[in-house]
Amino acid sequence: MTNGVPRRLAQAVVVLWAAFTLSFVILYLLPGDAVLAKLGGEAGTTVTAEDIARERAAYGLDDPIVLQYGKRLLAAAQGDFGRSIATGEDATELVLNALPSTLAITGLGLVFAIVFGGAIAIVGTYTRSRWLSQLLAAMPPLGNSLPPFWVGLLLIQVFSFQLGLVPAMGSDGFATLVLPAVTLAIPTGAIIGQVLAKSLRTQLTEPYIEVVLAKGASRARVHWGHALRNAALPALTLVGVLAGNLLAGSVITESVFSRDGIGRVTASAVTAQDIPVVQAVIVLAALFFVLINLAVDLLYPVLDPRLSGRVTAKAVSGV
Amino acid sequence: MTALLEIRDLTVSYHTKTGVVPAVRGANITVAAGEIVAVVGESGSGKSTTAHAAIGLLPRGGRVEAGSITFAGRELTGLSDRQWQQVRGTDIALVPQDPTVSLDPVRRVGDQVAEVLLVHRLATRRAAAAEAVELLRRAGITEAERRAKQYPHELSGGLRQRVLIAIALAGRPRLIIADEPTSALDVTVQREILDHLEGLAAESGTAVLLITHDLGVAADRAARIVVMSRGEVVETGPARELLATPEHAYTRELLAAAPSLAREPLRPRRDAGPEVLLTVSGIAKSFDGRTRVVDDVSFSLTRGRTLALVGESGSGKTTTARMVVGLETPTAGTVTFDGNDITRLGREELRRLRRRFQLVYQNPYASLNPRFTIEDVVTEPLRAFDVGTKAERHTRAAELLDQVALPSTMLARKPAELSGGQRQRAAIARALALNPDLLVCDEPVSALDVSVQAQILRLLVRLQEELGLAYLFITHDLAVVREIADHIAVMRGGRVVEHGPADAVLGSPTEEYTRELLAAIPGQVSASPPPVTA
C-alpha cells in the first residue's frame, strides 16, 4: 500500500499535465478569436490593428505557440491560468469562487446516489417478495434513461410550484441544494444500484455464505455482515468514475436550476472561447477526478485485505 | 441405540426453469448420538443434497417433496427461518467441501469463528474472541493467537479447513455434517484433518455425517456406511461387513474402482526400456532470483514407460513438468527430449518439437474452450500445425474419439454437455491428435469421482500399450501412482528425495517422507477394527 502511493501521485501529475496539454492544443486549434470577440462586442467602436495587437500582447497571445505553451504550463503549475479574456478577472479565482457551490451539489448528489442505489440493491436482493424485488430491479434502467434536464424541470414543477417545499432556483442555503442534488443523483444512483445488486447476487451464491448460514446467522446478518462488504468493491470502483460524471452533469443541472457554479462558468467560458477560464476548469475537473480515484484506490485495501500491498487492477477487473 | 438424526423416505427435487429434476428418492439414513456415518456415492448420487436437506440449506430451487427429517425427536422439515437459525450451529453444524472458497475473504478468521458464539449469544464479544483462539488451537492450529488475526488468503488450504472445523465445533453441536471435507486437500493433510475431526468428535461425543466419494475414506472413518446411487440409498451396513460382503452391484463397482482400496497395479510393472526418451538433468528454477522452487532435479524416462512425479502442493512438481514441456525455462540444468536439449532450442524449433510431447491438465472443466465443439477441441492441434485437409481432420477426430472410447456422436457437442470423465477423455484425445511420444499428465484424475478415475486410468494404460506412449504422471496421490507407475520420483521442497522402480519405492521406502505419504492413503484402517463409537 505504501509502495503504491508515490507511483499513484506520479500518475496523477501525468494525468493533470495531459489534461492541460490536450486542452491547450484543442483550444488553440479551434477557429475564432477571443480578442476579436471581446473588442468587436461593443457596437459603434472602431477597432484598429494596433488595438488588437495591444490586446494580444497584454494576454501574451503574440508569442510563438511553443513559448506560449511553455509559459502557460509553468504558470499553471503554480496555479495561475491567466486572466479571463472576457472579464479580465483572474481565471483561477473565478473558477475557485464557483467551486464551493458546485461541490455542494455534486457532494450531496453523490451521497444521495449512494443511498438511493444502495437501498435499491440491498432491499431488492434481500426481500422475499418477488414483485418488490422485480420492481426494484426495474428502477436502475428507468432512472438511467430519464433525461436529467427533464427530471429537473419535473421536480421544480412538483416540489417547488405545487407543493412549495423547496425553492425552485437560487444558490443560497441548504434548501436550494436538494432538488439539484436529487436530479444529479438519479442517473448515478441507478448505475450504482444496478452494479451493487448484481454484485450482491453473485456474492450470495458464494460457498462462504452457506458457511455463515450454517453458523445459524440470520439472513440480515449474512447480507449486512458478509455479502455487502464483499460486493462493495465493484460499486466503489464505479463511484470513482461516476464522481467525474457528476461534475459534468452539474453543467446541465446548474442551468436548469439557475445556480451559480462551475457548470455555468464553463458554459459561458466555452461560448466566449475564454481559453484561460476553460483551461482552469478542465484542469480542475481533472484534479477532482484524480483525487477521487486516488481516494478510491486507497480505500480498496481497507475493504479487501487481499489487496493490501498490491496493485488494484484485480479489483477493477472485478466489475 | 436412540437415533439423533433420522431421515425417513426423504424425497428432494430441484425446480428449474426446464422442469422438476428429482435428486433424492425415498432415502433412509439414521445417525446415532456420537456415531460416525459415511454416505458414499458419485457426483449426482444425491448424497450432498441429502446432507444439505438435513441442515436446511438446499441450493436454490431445491425442495423437500416428501418424507421427514427428525433431529433428537424434533421434526426439521417445515421449520421457519428463525427456527432453523436456532438449530444451525448449535445442534447441527457443517464442514463444507472446499476450504479455499468457504471463508469470507474480507474478515479475520478469528472473527469468523467468534461469530458462531455471538450469533447464539454464547459469549460476550470479548470472551468470544478469546474462545475463538482456543477453538482454533483445538482444531490443531499452532500460533492460534496470531492466526486468528489473519485473513483467509494468508492461510494454506489445510489451515483454512481447520478454521472451518473450529467454526463447526464452536457452538458445541451434537451433529457435524462434513461434506467432502478434504477432497480439495493434499493426501497427508487430508489424513491429519480427518484424524483431528474424528478425535474431536469422539472427545465431545459429537456425531458425524461424513459425505465422501471415496469408499477408502469411508472405510477408515465410519462405523456405518450408506451407499447412494442415482438419488437412492442402495445399501446400508456396518462398515466392515459392507466392505467384506457388498450386496449391491453398485457397491461392488465402487469397491473395485477405489484406487485407495486397490492392492494390485492395473498392469505388471516394467523395467526401464532400451530407448531413453527424456532426460532431465540438474534442473533448477527460481522465480525471484533467490529461493529455488525446483532445485537440482534429475530423472530420465524411457519410451513406453510411466514415471510418476509425486509430491504435495509446493513441492515443485508442477514447475518441473512445465520445464519439461518448455513452458518454463530452467534457471540451471538441461532437459533433453530424444536427443534435443529443449532449453537451448529456438522458438520455432521448440514449436516443431512440441508435436511430440503433449500436456493433459488437471481440470477438464477448465481446460476445454466452452465455445468449441468437441471436434474443434480435438482437432485444434492439427489446425495449429496445419495437418491434413478439413475432411481428413474430421476423419481423424472420429478416430481419436474412438481411441478414447467416446461415441462419434459427441463430435458436435459442446464441453458443457459432457460429464467430467467424458471431458477428460476429450482432453486426452486432443493430446493424442499429433501422435506424440510423451504425454505429461498433470493430476489428470484428481478432479474426478473415484469410479471415473478408475476408467480414465485404465484408458491411459490401454493407450500406452497400443501407441507406445511414455507418461510423465504428476500427482499427489500415491494410490493412483500405485496403479500405473513403473518408476516413481518423490519430490519435496523442490528436490527429488526418493527415486526408483515403483515396487521398491512403494514396498520399501527409504525416506521417512515417502512412508508418510504411503500411510496417508485412505482405506488402510479398514483391515483393522472400525473406530470405537458410542
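- Under an unreviewed UniProt entry, chain B has the name Peptide/nickel transport system ATP-binding protein and belongs to Actinokineospora diospyrosa.
- Turning to chain B, the UniProt annotation filed under Subcellular location (unreviewed entry) states: "Cell membrane".
- Among the UniProt annotations of chain B, the heading Sequence similarities (unreviewed entry) holds the following wording: "Belongs to the ABC transporter superfamily."

- In the nomenclature of an unreviewed UniProt entry, chain A corresponds to Peptide/nickel transport system permease protein from the organism Actinokineospora diospyrosa.
- Its UniProt record gives chain A the following Sequence similarities (unreviewed entry) comment, quoted word for word: "Belongs to the binding-protein-dependent transport system permease family."
- As stated in UniProt under Subcellular location (unreviewed entry), the record for chain A gives "Cell membrane".

**A few points about the overall build of chain A**
Part 1: Scanning chain A from terminus to terminus reveals 13 helices and zero strands.
Part 2: Sequence-ordered secondary structure for chain A, helices as α and strands as β, is α-α-α-α-α-α-α-α-α-α-α-α-α.
Part 3: In chain A, 72% of the contacts between residues at least 6 apart in sequence involve partners at least 24 apart.
Part 4: For chain A, the accessible surface area stands at approximately 16,000 Å², while carbon and sulfur atoms represent 69% of it.

**With respect to unusual backbone geometry**
Part 1: Notably, A:S258 is not glycine yet its phi reads approximately 50°, a positive angle.
Part 2: Looking at the secondary structure, you find A:S258 in the loop between α10 (219-256) and α11 (262-271).
Part 3: Among the residues examined, A:S258 registers a relative accessible area of 29% and is labelled partly exposed.
Part 4: In this structure, B:R121 takes a positive phi of about 50° despite not being glycine.

**A look at helix α7 (residues 148-162) of chain A**
All names here are of chain A.
Part 1: The terminal C-alpha atoms of α7 lie 20 Å apart, and with 15 residues this matches the ideal 21 Å at 1.5 Å per residue to within 8%.
Part 2: Burial in α7 covers these residues: V151, G152, L155, I156 and S160.
Part 3: The elements touched by buried residues of α7 are α8 (175-204) and α10.
Part 4: Count one or two residues on from α7 and you reach G164, which has phi positive near 65°.

Here is what the cut-offs are and how they apply
Residues numbered from 1 in each chain as written. Chains lettered and ligands numbered in written order. Predicted model: local features only at pLDDT ≥ 70, side-chain atom pairs only at ≥ 80, totals over all residues. Heavy atoms only, no water. UniProt positions renumbered as here; feature names shortened; annotations may be inferred. Helix = DSSP H or I, 4+ residues; strand = E, 2+ residues; numbered from the N terminus. Contact = heavy atoms within 4.5 Å. Areas by Shrake-Rupley, 256 points an atom, 1.4 Å probe, with all protein chains shown as cover. Buried < 20%, exposed > 50% of the residue type's maximum accessible area, 1.4 Å probe, protein only. Expected span 1.5 Å × (residues − 1).

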